[in-house]
Amino acid sequence: LGTSLTLMSNHWLMAWMGLEINTLAIIPMMTYPNNMRNTESAIKYFLMQATASMIIMFAIIYNAWMTNQWTLFQVSNEWATTFMTLALAMKLGLAPFHFWVPEVTQGIPLTSGMILLTWQKIAPTSILYQISPSLNMNILVLLAVSSTLLGGWGGLNQTHLRKILAYSSIAHMGWMTVIALINPSLMILNLLIYIAATMAMFLCLNLTSTTKINALSNMWNKSAPMTITIMIILLSLGGLPPLTGFMPKWLILQELIIYNNIATAMLLALSSLLNLFFYMRIIYTSTLTMFPSNNMSKFQWFHTSPKSTSLIPSMTIISAMLLPLSPL
């Protein structure tokens, strides 16, 4: 309801209200099952989102005071735009406001983590999309490049899969932000493909109850097709052709070069290699190493899991086979 309210609203207060409902609604989901780690993560998330919401409210009121406009598209004041951009960066987890993302994702269950890194990005991105004509290019490029670099560097020394996916999220948000002013529709395309791939990854991890890299070496034991699925999804997240994840990166780099942002395009392309490195490490662990035991009683291939879902095949297909549709 909160997300749809933000998506449909034309008035700043309604959009802000949608963001607030969105934040408050996920807190009970994050604290279930109730334990210390979940509660700590929920409090961290709440404090960051509440701070960002207050900055958004300040920017809205300042803009209304200067321009007498409450319409979502009318953000003509430079200071209001700057505050709004920084507050949305806090909500989305862009660097240098990214510290809460890995901590919160690591402390909550996989299902809540999936919602946090996918659905919760929709409302702030929609506001960024709608105010994109009045954004400051220098701030956007700074946020985007630092996010892709820190998203890559941060994930290099992680062993927890949730933290790796959180850093991956920071890097993807950087790719989305850099194109927000030049071609906002590409930002939406990138978000949708990112959501499909991340959802597929979280569903696979949830199905096999895996949260650490070293547990992946036993993945072939739990489900042989799942190892191939995870490999395809990770390569798509990294942006390798001929998978779907290559499409938004290709189009974004093309747009940046058309607008003579060649240095930015080079930095983004090189920083994505960092992400690819830790994706390849997960792939190596899950598909190219075997559990140090050949005990046949361990095989579980033919056991149907009660948590199995039909979403995994559809999300995998979306995150792997849509590249031929890129001319559309």
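Criteria and thresholds
Residues numbered from 1 in each chain as written. Predicted model: local features only at pLDDT ≥ 70, side-chain atom pairs only at ≥ 80, totals over all residues. Heavy atoms only, no water. UniProt positions renumbered as here; feature names shortened; annotations may be inferred. 1 Å grid on protein atoms, 1.4 Å probe; cavity = no way out; pocket = protein on both sides within 12 Å on 5 of 7 lines; lining within 4 Å. Points joined across faces, edges and corners; volume = space filled by probe spheres on them. Helix = DSSP H or I, 4+ residues; strand = E, 2+ residues; numbered from the N terminus. Nonpolar A, V, L, I, M, F, W, Y, C, P; charged D, E, K, R; others polar. Domains from an automatic or database assignment. Contact = heavy atoms within 4.5 Å. Buried area = accessible area lost by both parts, 1.4 Å probe. Salt bridge = Lys/Arg side-chain N within 4 Å of Asp/Glu carboxyl O. Polar contact = N/O pair within 3.5 Å; in protein donor to acceptor, adjacent residues only side chain to side chain.

The name that an unreviewed UniProt entry assigns to the protein chain is NADH-ubiquinone oxidoreductase chain 2, with the source organism given as Perameles gunnii. The UniProt entry for the protein chain carries this comment under Subcellular location (unreviewed entry): "Mitochondrion inner membrane". The Catalytic activity (unreviewed entry) field of the UniProt record for the protein chain holds the comment "a ubiquinone + NADH + 5 H(+)(in) = a ubiquinol + NAD(+) + 4 H(+)(out)".

## So, empty space enclosed by the protein
Enumeration according to the criterion identifies 4 cavities of 30 Å³ or more in this entry. Taken as a whole, the largest cavity encloses approximately 80 Å³ of empty space. Listing elements by their share of the lining of the largest cavity, those giving two or more residues are helix H2 (12-30) and helix H3 (36-67). The element that contributes the greatest number of residues to the lining of the largest cavity is H2, accounting for 3 residues. Looking at the lining of the largest cavity residue by residue, the classes come out as 5 nonpolar, 4 polar and 2 charged. Considering only enclosed or pocket space, the second largest cavity measures out at about 60 Å³ in volume. The wall of the second largest cavity is formed by His172, Asn190, Ile193, Tyr194, Ala197, Ser236, Leu237, Gly245, Pro248 and Lys249. At 4 residues, helix H10 (residues 184-208) tops the list of elements feeding residues into the lining of the second largest cavity. Tallied by class, residues from the lining of the second largest cavity come to 5 nonpolar, 4 polar and 1 charged.

## Remarks on the domain arrangement of the protein chain
Here the protein chain is partitioned into domain 1 (1-135) and domain 2 (137-292 + 309-327). Placing the centre of domain 1 and that of domain 2 at their C-alpha centroids yields a distance of 22 Å. Listed by partner, the interface residues are 31 residues for domain 1 and 35 residues for domain 2. Between domain 1 and domain 2, a total of about 2,800 Å² is buried, with carbon and sulfur atoms accounting for 78% of that surface. Three residues stand out in domain 1 for area buried against domain 2, namely Gln106, Leu110 and Met114, and they jointly supply 23% of the buried area on that side. Put simply, domain 1 and domain 2 have 1 salt bridge between them. Between Glu103 and Lys163 there is a salt bridge, and its shortest N-O distance comes to 3.9 Å. Inspection of the domain 1/domain 2 interface yields 4 residue pairs in polar contact (both at pLDDT 80 or more).

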